[in-house]
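Examining the three-dimensional arrangement
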Amino acid sequence: MAPRGTIAGIDSPEALERALRGAYYLADEGLATAAYLALALGKPLLLEGAPGVGKTEAAKAVAAVLARRLIRLQCYEGVDASAALYEWNYPRQMLAIRQAGEQSIDIYGDTFLIERPMLAALRAPDSTVLLIDEIDRSDQEFEAFLLEFLSDFQISIPERGTIRAMERPVVVLTSNRTRDLHEALRRRCVYHWIDYPTAEREARIVMMRASTVAEATARAVVAAVGKLRREPLTKAPGIAEAVEWAEAATLLNQSGARWPDAFKRSIGVALKDEEDLAYIRARLDGLLAEATA
Amino acid sequence: MSEVLPRAARAFVAFVALLRRNGFAVAPEQTISFLSAIDLLGPRGVEDVRQAGLATLAPPPERRATYDALFRIHFLGEEAPPRIEGEDEETLRLQEEGPGFDEPPLADEANESGQSAVRTELTVERRFAPGGTHDALRRLTREAPRRLPRRRGHRRQRARRGPWADLRRTLRDSARNDGEVLRLLRLRRRRRLRKLLVLIDVSGSMKDRTDENLKLAHALAQVAPQLEAFTFGTRLTRVTRPVKLKRREQALAAAAHLVSDWDGGTRIGDALQAFLDVPRFAGYARGAAVLIISDGLERGDFTAMRDAVARFSRRAWRLSWLTPLATSRAFTPQTEALVAIRRYVDDMVGAGSTQAIVALVLSLNDRRAA
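**Focus on the overall build of chain B**
- Helix and strand counts for chain B stand at 14 helices and 10 strands.
- Counting every position in chain B, which comprises 370 residues, the buried fraction comes to 37%.
- For chain B, long-range pairs separated by at least 24 residues make up 72% of all intrachain contacts whose partners lie at least 6 apart in sequence.

So, in structure tokens, the structure goes:
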């Protein structure tokens, strides 16, 4: 048995931060601490933040660090047990009943069970990371159901009985905060609010993610994106948009466009809302000039 | 209690108690997590304790500053500042433009010219007179479950007729009959209640109706669990939590305490824009039945109000503007602002009485179909 508080050779938040960096994810101290505590205490990790700050990427990086398979459950309004847990393969069951004729047959065997993300994670807790993405999109009934799952890590299938995880699975939940999550759900989890990174860290992220981008370009993009985030936009550009913008501008520059112009022409990858574009267009030149200065 | 705790743990448990006294909801199991987290991280530094607290006690992000201040007071022995209340996210203060000096609101006189819509903030606490149950509200409570707007849900339920076969049930049924499928059971989509968003103008020019409108919001909240309610005047305040309280007096008192811009000036355009600029709030409008209860007496330039209403109409399932100025069925808006927004709203009807508003709310489903 590994010493207490050590998971896959990681014994402190700093060790986890280093490991995440190896998986091309730059975590700040708060995130590294929260993720480490979640792993060490065997609790789910709840990440909240604006869209595009890297919540889903964080889960992918944790899976990569632990060398586990990532199972993703995308939530939506109306997500239910047959999409999240399991479903029976009914056509196959019916065929089996017909074929069996007079013989007895178990139609609730594994061959007829279709595993959905939560059951899959429960059955292989030591080799998977379960990501429950954008939980704020699901409805309240599903949240209540999740609460039960996250406290006991077990699932009841009426035909089969209760399936319990042999050890606590690693679970990461993300939320864009389009609505308040239930207090009880927050209580069950280790919580971290991911903010937009500092300009310095974001520039490093851009360079790490897009190897073709020069340092000056990365800094200019990050400065411009930082300014855009302070504007009252419908959808502020996230980190992913910053990376794409830097890549797109570099590409245009290589095919002959001059510098501030390359940014301007590729603004469409950073701002994806017609109203936002109309709002910012008049001041874009000044904003870019400041950012590239 | 403190005798059974190890001495080292006392400071941390005391910190949790301090948080609770300052309005943070911390459950016992979170305290346990907090202690085990500190134990795990080892005696390294006070920053680790702070981070462990953030992760396990989960203070809401908007109260982070308060948390940090309390932390410094408790563990670093900092002096308590006179007031350690972080800016509450539920209230948005609208930008003041220029020096705010204007004439006081002339709320007692009936006026349609818009001169009572003043810009200065006038923050007062309001008391509600206890009132008897209104017939209209009783009608709302009685008929709402059947007649509130609904949308098709994602989940399916058993039905005699429906587009899908209920394979699970059919199979169970057939197992009982030696694998013979005797009848195919059906499923259909469940109908779910639509989101409702109510924005109530509490400025001076709406003074006569404010009490009634909040009572209405409370009655609606009791029958429509997915309701969101806001008030606006010189500020935008989320009053969803207070109006969801069961007892009406309690709900109104809580709302009165929360809202501080009663009977003051109004900046409708700014208030609506501010609402849409907060992504979390703007999400409430998407696909929702939106009711804006306001006289639309915008002071000065109304382009901000028009643009905001246009944005609302793109997000909402149906946008209803309820104005006390519309008294008859054949109402044509007179003020420029109302004329400008007319083409963006689906309904522009009277809100002179609670009956009228209730009638609109209950007819939303049919109006859409028509």
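**Observations concerning the overall build of chain A**
- Along chain A, the regular secondary structure elements total 14 helices and nine strands.
- Long-range pairs, those at least 24 residues apart, make up 74% of the contacts in chain A with a sequence separation of at least 6.

**As for unusual backbone geometry**
Residues and elements named next belong to chain A.
- A positive phi angle is found at Glu134, which is not glycine, with a value near 55°.
- Locating Glu134 in the fold gives a position in the loop between strand 5 (128-133) and helix 7 (140-152).
- Judged by the 19 C-beta atoms lying within 10 Å of it, Glu134 falls in the partly exposed class.

**Brief notes about helix 9 (residues 199-209) of chain A**
All names here are of chain A.
- Among the residues of helix 9, Glu202, Ala203, Ile205, Val206 and Arg209 are the ones counted as buried. Angularly, the buried residues of helix 9 cover 160° about the axis, an arc narrow enough to put them on a single face.
- Its buried side turned inward, helix 9 meets helix 10 (215-230) and helix 11 (239-254).

**Structural notes on the nonpolar core**
- By size, the foremost hydrophobic cluster in this structure holds 100 residues, and its most contacted members are Ala35, Val62, Met118, Val206 and Val221 of chain A.
- It is helix 2 (residues 29-41) of chain A that contributes the most residues to this core, nine residues altogether.
- Once residues lying within four places of it in the same chain are set aside, the contact partners of Ala35 of chain A are Leu16, Leu45 and Val62 of chain A.
- Of all hydrophobic cores here, the second largest spans 63 residues; its members include Val309, Leu338, Val361 and Leu364 of chain B.

**Thoughts on the domain arrangement of chain A**
Residue and element names in this part refer to chain A.
- You can read the domains of chain A as domain 1 (13-77 + 124-194) and domain 2 (199-292).
- One C-alpha centre belongs to domain 1, the other to domain 2, and the line joining them spans 31 Å.
- Opposite the eight residues of domain 1 that make contact, domain 2 presents 11 residues.
- Here the side of domain 1 that touches domain 2 is built from residues that sort into five nonpolar, two polar and one charged.

**Some details on the interface of chain A and chain B**
- With 29 residues of chain A in contact, the opposing surface of chain B contributes 26 residues.
- Elements with a minimum of two residues in the side of chain A that touches chain B: helix 2, helix 5 (90-100), helix 8 (183-188) and strand 9 (190-194) of chain A.
- In terms of residue count, helix 2 of chain A provides more of the side of chain A that touches chain B than any other element does, seven residues in total.

**Considering the domain arrangement of chain B**
- Domain annotation of chain B identifies domain 1 (7-75), domain 2 (135-147 + 194-369) and domain 3 (155-190).
- For domain 1 of chain B versus domain 2 of chain B, the distance between C-alpha centres works out to 40 Å.

**Examining the sheet that holds strand 2 (residues 150-159) of chain B**
Residue and element names in this part refer to chain B.
- Strand order in this open sheet of three strands is 2-4-3, and the pairing throughout is antiparallel. The open sheet has two edge strands, strand 2 and strand 3 (164-165), and neither has a second partner.
- Where strand 2 lies against strand 4 (residues 186-193), seven bridges are found, and the strand directions are antiparallel. Residue pairing in the sheet places Arg158 in a bridge with Leu187 of strand 4.

**A few points about the environment of Val49 of chain B**
All names here are of chain B.
- Mapping Val49 onto the fold places it in helix 3 (residues 46-57).
- C-alpha separation for the pair Val49 and Phe71, spaced 22 residues apart in sequence, amounts to 9.4 Å.
- If near-sequence neighbours (up to four positions away) are discounted, Val49 is found in contact with Ile38 and Phe75.

**Let's talk about the sheet that holds strand 8 (residues 170-175) of chain A**
All names here are of chain A.
- With parallel pairing, the five strands of this open sheet are ordered in space as 2-5-8-1-9. The open sheet terminates on both sides in strands that have one partner only, identified here as strand 2 (69-74) and strand 9. With direction set aside, neighbouring strand axes in the sheet form an average angle of 20°.
- Where strand 5 meets strand 8, four bridges bridge the pair, whose relative direction is parallel. Opposite Leu131, over in strand 8, you have Val172 as the bridge partner.
- Its contacts with the sheet place helix 3 (residues 55-66) against strand 1 (45-49), strand 2, strand 5, strand 8 and strand 9, and it is angled at close to 175° to strand 5.

**Some details on the pairing of strand 7 (residues 161-164) of chain A**
Residues and elements named next belong to chain A.
- In terms of strand pairing, strand 6 (residues 154-157) meets strand 7 through four bridges, oriented antiparallel. Paired with Ile157 across the two strands is Gly161, which belongs to strand 7.
- Linking strand 6 to strand 7, which pair antiparallel, is a turn of three residues.

**Some words on the packing of helix 5 (residues 135-147) of chain B against helix 7 (residues 207-223) of chain B**
Residue and element names in this part refer to chain B.
- As a packed pair, helix 5 and helix 7 sit with axes 9 Å apart at the nearest point and diverge in direction by 25°. With respect to each other, helix 5 and helix 7 are oriented roughly parallel. The chirality of how helix 5 crosses helix 7 is right-handed. Residues Leu137, Leu140, Thr141, Ala144 and Pro145 of helix 5 pack against Lys215, Leu216, Ala219, Leu220, Gln222 and Val223 of helix 7.

**Considering the environment of Val170 of chain A**
- Within the element layout of this structure, Val170 of chain A appears in strand 8.
- In this structure the C-alpha to C-alpha distance between Val170 of chain A and Ala38 of chain A, which are 132 residues apart in sequence, comes to 8.2 Å.

**Re the packing of helix 5 of chain A against helix 6 (residues 167-176) of chain B**
- In contact at an axis separation of 10 Å, helix 5 of chain A and helix 6 of chain B are set at 15° when each is read in the N-to-C sense. With respect to each other, helix 5 of chain A and helix 6 of chain B are oriented roughly parallel. Two packed elements cross with a definite hand, and for helix 5 of chain A against helix 6 of chain B that hand is left-handed. Here Tyr90, Gln93, Met94 and Ile97 of chain A of helix 5 of chain A lie close against helix 6 of chain B, whose contacting residues are Leu167, Arg168, Leu171 and Ser174 of chain B.
- Partitioned by chemical class, the residues of the contact of helix 5 of chain A with helix 6 of chain B number five nonpolar, two polar and one charged.

**Let's talk about the confidence of the model for chain B**
Residues and elements named next belong to chain B.
- Summing up the model confidence of chain B, the mean pLDDT is 80 and the portion of residues at 70 or higher is 82%.
- pLDDT under 50 marks residues 95-120. Its contacts with residues more than four places away, or in other chains, come to 48 contacts.
- Here the predicted complex scores 0.71 on pTM and 0.76 on ipTM.

**Considerations on the pairing of strand 5 (residues 196-201) of chain B**
Residues and elements named next belong to chain B.
- Most of strand 5 sits inside the fold, with six of its six residues counted as buried.
- Side chains of strand 5 alternate between two faces, with Leu196, Val198 and Ile200 and Leu197, Leu199 and Asp201 buried alike.
- The pairing of strand 5 with strand 6 (residues 227-232) spans six bridges and is parallel. Across the sheet, residue Val198 finds its bridge partner in strand 6, namely Ala229.

**Notes on the environment of Ala84 of chain A**
All names here are of chain A.
- The residue Ala84 is located in helix 4 (residues 81-84) in this model.
- Judged by the 21 C-beta atoms lying within 10 Å of it, Ala84 is buried.
- The sequence separation of Ala84 and Ile132 amounts to 48 residues, and the corresponding C-alpha distance is 9.6 Å.

Scoring rules and cut-offs
Residues numbered from 1 in each chain as written. Chains lettered and ligands numbered in written order. Predicted model: local features only at pLDDT ≥ 70, side-chain atom pairs only at ≥ 80, totals over all residues. Helix = DSSP H or I, 4+ residues; strand = E, 2+ residues; numbered from the N terminus. Buried ≥ 20, exposed ≤ 12 C-beta atoms within 10 Å, placed from the backbone. Contact = placed C-beta atoms within 7 Å. Arc of directions from axis to C-beta. Core = buried A, V, L, I, M, F, W, Y, C linked by C-beta atoms within 7 Å. Domains from an automatic or database assignment. Nonpolar A, V, L, I, M, F, W, Y, C, P; charged D, E, K, R; others polar. Pairing = 2+ DSSP bridges. Axes fitted to C-alpha atoms, helices over the stretch in contact; angles between N-to-C directions. Parallel < 35°, antiparallel > 145°, perpendicular 65-115°, else oblique. Left-handed = near helix turned anticlockwise from the far one by under 90°. pLDDT = per-residue confidence, 0-100.

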